[in-house]
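One-letter residues, chain by chain:
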Amino acid sequence: MISRFSLLAAALGAALLAASARADDNTVTIGMILPMTGPQASTGKQERAGAELYIQQHGDTVAGKKIALVVKDDASAADVTKRLAEELIGNDHAAVLMGFGLTPLALAAAPVATEAKVPEIVTAAATAMITEKSPYIVRTSFTLPQASAPMAEWALKNGIKKVVTIVADYGPGVDAEKWFSDTFEKGGGTVAEKIRVPLKNPDFAPFLQRVKDDAPDAVFVFVPSGQGAVFMKEFVERGLDKAGIKLIGTGDVTDDDLLADIGDSALGAVTAHHYSADHDSPENKAFVAAFEKANNGMRPNFMAVGGYDGMALVYQALEKTKGDASGDALLAAMKGMSWMSPRGPVSIDPETREIVQNIYVRKVEKKDGALYNVEFATIPDVKDPYKAAKH
Amino acid sequence: MSAANPSATTRRLAAHLNRRARWRWPEILFWLAILAVIFAAPSRAAIINEVLIAGLFALSLDLILGLAGIVSLGHAAFFGLGAYAAAILASKGIADPTLGLVLGAAVAAVAGLATAPLLLRGADLTRLMVTLGVSLMLGELANRNGWLTGGADGLNFSIAPVLGLFPIGFTGQRNAALYSFAVLFILFTIARRLAQSPFGLALAAIRENRLRAGALGIDTSRRIIAIYVVAAAYAGAAGALLAQTTQIVSLDLFDFHRSADVMLMLIIGGAGYLYGGLIGASAFIVLRDVISAATPEYWEFWIGLALVILVLAGRERIGEAPRRLIAFFAPRAARRGVA
C-alpha cells in the first residue's frame, strides 16, 4: 500500500529520467533552441529548415564526427530557454547551442554558455549588444545598426532630406532608430520626428497620420518581420504613397517569407538588408531551389539563411579543429572564419565574434508575377557599427 | 445550531479541526518522494525546479479558487511582479536570495491588497475581466519603464548563494531545486494550516454561498481580501523563485498564457485540496517536456487533445480524480479525510 502511493512520484521521476538521452563520444550534438510555437513560430520554422538543409546537403558526418541536431521549443519564454540550454548541455552533452529567436532569449542562455564554455551561435536575434554578454556568443544573423546605418547613407545620397522614423519599441527598434538617425543627421539630413510604437498588437494608423502631417521625404521603418504586412497595408490605406512619401527601412518590413501576403502595396519600398531570396549568385540560386524543394515551396528568408550559416560555421569549425568539439577549440576556430554564404561573402570578426557581411540596398519589384526584394546597390564587408564605434 | 451549549460545539469543532490538521503518512511520503526525485535525478534538476515553482504558483491559485471560489485570469500579475521585484533588487547589487524572496512576496501582497477591493464587486465574469486587466496593465508598465525593468530585452542579473552557502546557477541546479523545494514546503505547510483553521472553514462557506455565509455573521469581504492577499504573496514568492533560479526576467512573465497555464494545472490536478496544484503542475510540465521533445512544432495539439480527453472522460470527476487516486492507493487515509 505504502509503495503504491509513492508510485505516483516514482512514475514522474522515471518519466523525467527516460526523457534524457545519452550521446556517445563520436557524436557532436548541436542544441537548437527556437520559438517553434506562438507568435514567433515562423522564425523557428525557417531557422530549423535552414539548419536541416545544410546537414542534408553536406552529410551528417564531418571530420569523423556524426552531427546530431536536437531542436527544442522555448515558445519565446526566457526562463524556458535558459532551462533548455542547461539541459542540452548537461544531459544531451551539446557541443554547441544555436538559434535564439528574440533578444531576451539569446541573453537568457548567455550565462549558461559562459559557465559551461560552450559556443552559443545566435542565428536570429539582432540587437547589437548581444555578443557582448558572453565571450562564447558568435552571431550569424545580423545587427540592426549594420542594416540601418547604410540605409541612412543611401538616403542622403538619393535626395532624401527629411525623414520620420517609426520603430517598434524594444531593443532592436531602438538600435535601428539610433543608428539611422545618428548617421542621417551627421550627413546633414533632418529627422523630423522619432516615433516608437508598442511591440505587441500595434495599431499603426494614428502614427501614420502624424507622419503624413509632417510631410517628410521618406519614412524609415523597423517593425519585427511579422508586422510588415499590417504596416504596409496601413501605409497605402492612409495614402502616404500618393502623398509622395517614400518608404525606406531595414529588410524586416519586406521579409521574403511575407512578401506574397503583403501584396502590391509593398511595391517600390526601398530597404537595406543582408539577404534577399532574389540575391543573384550561383550559391543562392542553388540554396533557394533546394530549400523550396525540401519545404513544399516555402521561400527562404533571412532567418533561414541565419540557420543555414550557423550550421555552416559549426561544420567548418569542426573541420578546422579536426573533430575536436571542446568549446574553446571550436570558438577559436570560428573566430576569423570566412566563407561564401547564399547571401554573399561573410566572415566572423575575430574581435567581436560578429558577422561581417555585405549589406544590399533593394527595391520591391515584380518578377515573373511574384514580388521580390531586388538588389541594386551593395555596400561591401559591413562590420557592426555599434562595436566599431566603441573600439 | 446548538445555541444552548456553544462551548460543547466549539470543543467538538476544535477537535474536528485538529484531527483534520494532523499530517497523514501518504502526505509525508509525497514530500519525501519529491526529495528523493531531486536527489535521484540530478540531471533533471532544472525541470524539477520548474515543476516546484509552477506547483507553488498553482497552490497560490488554489488558495483563492479552490478555497474561496474566486476565479482569476490574471494571476500572472502577481507572479510577474514578484519576479521583477526580486530581479530588480538583485540587479541593484543586493543579491541575497532570501531578501529577494521576501521582497517579491511583499510587493505582490501589496498589489493584491490594492486590487482586492475590485474583486468584491460583481460576479465571476467581472472578476475574470478585472484580473486579466490588471495583469495586462502591469505587463505594459514593465514594458514602458525600460530603465528599471530592461523593457522588452529583459533583465539579466546574478544572485548570491542561498543563505550564503549554496550557490545556484548552471553548476548548482540541484541547489536551486532544493531551494525551491524548501520554500514550497514551508509555504504549503502554512497554506494547509490556513485551510484547516476556522478561517478556512469560513472561506468554504463563502465559496458555497456568499449570501448565506454573510447571514451567518461571517465578514465575507474581509475574508476574501485576506485570502486574496495571501494568494498574491504566494504567487509573488513563486515568481521571485523563478527569477532567482533562472537569473533572468522578461515581459513574457506577465503573458496571458502564464495565467491560463496555471489554471490548467490546477484543473488537471483538481482544485480545493491544495495537492491538486502540485500534481497538476508535474503532470502538465512533464507531459509538455516529453511531447515537445518528440514534436517541437505540434506539441500544443497533443496537450490540447489530452485536455479534451480529460474533460470528456469525466467533467464532474476532474476535481474528484486525484482524491479517488489517493483513495485507491491509500483508502484508509482518504476515509479519514486527508483529501
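Residues numbered from 1 in each chain as written. Chains lettered and ligands numbered in written order. Predicted model: local features only at pLDDT ≥ 70, side-chain atom pairs only at ≥ 80, totals over all residues. Heavy atoms only, no water.

Focus on the sheet that holds strand β6 (residues 137-139) of chain A
Residues and elements named next belong to chain A. Heads up, the rule is: At least two bridges found by DSSP between two strands is the condition for calling them paired. Strands are runs of DSSP state E lasting at least two residues, helices are runs of H or I lasting at least four, and both sets are numbered from the N terminus onward.
In spatial order, the strands read β2-β3-β1-β4-β5-β6; together these 6 strands make up an open sheet with mixed pairing. Each edge of the open sheet carries a strand with a single partner, namely β2 (61-62) and β6. Of the pairings in the sheet, the one linking strand β4 (residues 94-99) to strand β5 (residues 120-122) comprises 3 bridges and is parallel in character. Pairing of Leu97 across the sheet is with Glu120, part of β5.

Concerning the packing of aromatic side chains
Selection rule: Ring pairs are drawn from Phe, Tyr and Trp, using the six-membered ring of Trp, whenever the two centres fall within 6.5 Å, and their geometry is named by plane angle: stacked under 30 degrees, edge-to-face over 60, tilted for the rest. The rule is simple: take the accessible area with a 1.4 Å probe, protein chains only, and divide by the maximum for that residue type; under 20% is buried, over 50% is exposed, in between is partly exposed. Think of it as a cone above the ring: NZ of Lys or CZ of Arg counts as a charge over the ring if it is within 6 Å of the ring centre and within 35 degrees of the ring normal.
Inspection of the entire model under this criterion finds 25 aromatic pairs over all chains. Relative to Phe231 of chain A, the ring of Phe204 of chain A lies with its centre 5.1 Å away and its plane at 85°, an arrangement referred to as edge-to-face. Pair noted here: Phe204 of chain A is in the loop between β8 (190-197) and α7 (205-214) and Phe231 of chain A is in helix α8 (residues 228-237), with a separation of 27 residues, a long-range link. We note that Phe204 of chain A, like Phe231 of chain A, is buried. Feature note: the residues Trp23, Phe30, Trp31, Phe181, Phe185, Phe188 and Tyr275 of chain B constitute an aromatic cluster, connected by ring pairs. The ring of Tyr372 of chain A is capped by Arg299 of chain A, whose NZ or CZ atom sits 3.9 Å from the centre of that ring. In this structure, Arg192 of chain B packs its charged tip against the face of Trp23 of chain B, placed 4.1 Å from the ring centre.

A closer look at the environment of Leu274 of chain B
Residue and element names in this part refer to chain B. What counts, and what does not: The contact rule is simple, with two residues in contact once any of their heavy atoms fall within 4.5 Å.
With respect to the element layout, Leu274 can be found in the loop between α12 (256-269) and α13 (275-294). Sequence separation between Leu274 and Ala33 is 241 residues, and the spatial gap between their C-alpha atoms is 17 Å. Contact partners of Leu274, with chain neighbours within four places excluded, come to Leu59, Asp62, Leu63, Phe188, Ala191, Arg192 and Ala195.

Focus: the pattern of salt bridges
Any two side chains of opposite charge can pair, on the condition that their charged atoms come close. Residue and element names in this part refer to chain A. Inclusion rule: What makes a salt bridge here is a side-chain nitrogen of Lys or Arg within 4 Å of a carboxyl oxygen of Asp or Glu, nothing more.
Using the criterion set out here, one finds 27 salt bridges over all chains in the structure. Here Arg196 makes a salt bridge to Glu177, at a shortest N to O gap of 2.9 Å. Here Arg196, found in strand β8, pairs with Glu177, found in helix α6 (residues 171-186); they are 19 residues apart in sequence, far enough to count as distant. Taking relative accessible area as the criterion, Glu177 reaches 7% and is therefore assigned buried. Of the charged contacts in the structure, one is a salt bridge between Lys387 and Asp384, with a shortest N-O distance of 2.7 Å. Like Asp384, Lys387 is buried.

A word on empty space enclosed by the protein
For the record, the criterion: Cavities and pockets are found on a 1 Å grid laid over the protein atoms alone: a cavity is a set of points where a 1.4 Å probe fits but cannot escape, a pocket is an open set with protein on both sides within 12 Å along at least five of seven lines, and a lining residue has an atom within 4 Å of such a point. Grid points are joined across faces, edges and corners, and a volume is the space filled by probe spheres set on the points. Polarity classes work like this: nonpolar for Ala, Val, Leu, Ile, Met, Phe, Trp, Tyr, Cys and Pro, charged for Asp, Glu, Lys and Arg, and polar for all others, with Gly in that last group.
By the definition in use, this model includes 6 cavities of 30 Å³ or more. Contributing to the lining of the largest cavity are 13 residues, with Glu86 of chain A together with Ala46, Asn49, Thr245 and Thr246 of chain B lying nearest its centre. Those elements giving two or more residues to the lining of the largest cavity turn out to be α3 (78-90) of chain A together with α3 (45-68), α8 (173-195) and α11 (220-246) of chain B. Within the lining of the largest cavity, the residues separate by chemical class into 3 nonpolar, 6 polar and 4 charged.

So, the confidence of the model for chain A
Residue and element names in this part refer to chain A. Inclusion rule: Residue-level confidence of the predictor is what pLDDT reports, using numbers from 0 through 100.
Mean pLDDT over chain A stands at 89; residues scoring 70 or higher make up 94%. Ranking the elements of chain A by mean pLDDT puts helix α1 (residues 2-19) last, at 53, and β5 first, at 96. Below pLDDT 50 for its whole length, residues 1-5 participates in 11 contacts with residues either more than four positions away or in separate chains. Every residue in residues 19-23 is under pLDDT 50, and counting partners more than four places away or in other chains gives 10 contacts.

Some thoughts on the side chain of Glu234 of chain A
Residues and elements named next belong to chain A. Inclusion rule: Under this rule, positive means Lys or Arg and negative means Asp or Glu; His and the chain ends count for nothing.
Note that Glu234 resides in helix α8. Although Glu234 is buried, it makes no salt bridge; Arg238 carries the closest opposite charge, 4.3 Å away. Discounting residues that sit within four places of it in the chain, Glu234 has contacts with Asp203, Phe204, Ala205 and Leu208.

Here we look at the packing of α13 of chain B against helix α14 (residues 299-313) of chain B
All names here are of chain B. What counts here: Simply put, an axis is a line fit to the C-alpha atoms, just over the touching stretch for a helix, and the angle between two N-to-C directions goes from 0 to 180 degrees. By the definition adopted for this analysis, an angle is roughly parallel if under 35 degrees, roughly antiparallel if over 145, roughly perpendicular if from 65 to 115, and oblique otherwise. Crossings are classed by handedness, with left-handed meaning an anticlockwise turn of the near helix from the far one by less than a right angle and right-handed meaning a clockwise turn.
At a minimum axis separation of 9 Å, α13 and α14 run at an interaxial angle of 140°. If you check the angle between α13 and α14, you find them oblique. The two elements α13 and α14 cross, and the hand of that crossing is right-handed. Within the contact between the two elements, α13 uses Phe284, Leu287, Arg288, Ile291 and Ser292 and α14 uses Trp299, Trp302, Ile303 and Ala306. Taken together, the residues that form the contact of α13 with α14 break down as 7 nonpolar, 1 polar and 1 charged.

Concerning the pairing of strand β14 (residues 355-367) of chain A
Residue and element names in this part refer to chain A. Pairing between strand β11 (residues 270-273) and β14: 4 bridges, direction antiparallel. Note that in β14 the partner of Thr271 across the bridge is Arg362. By the bridge criterion, 3 bridges tie strand β13 (residues 344-348) to β14 in an arrangement that is antiparallel. Residue pairing for β14: Val346 is matched across the bridge by Gln357. Counting the residues that bridge the hairpin from β13 to β14 gives 6 residues, and of these Arg353 lies at a positive phi of roughly 60°. Taken together, the 10 bridges between β14 and strand β15 (residues 370-382) define a ladder with antiparallel strand orientation. If you follow Lys366 over to β15, its bridge partner there is Leu371.

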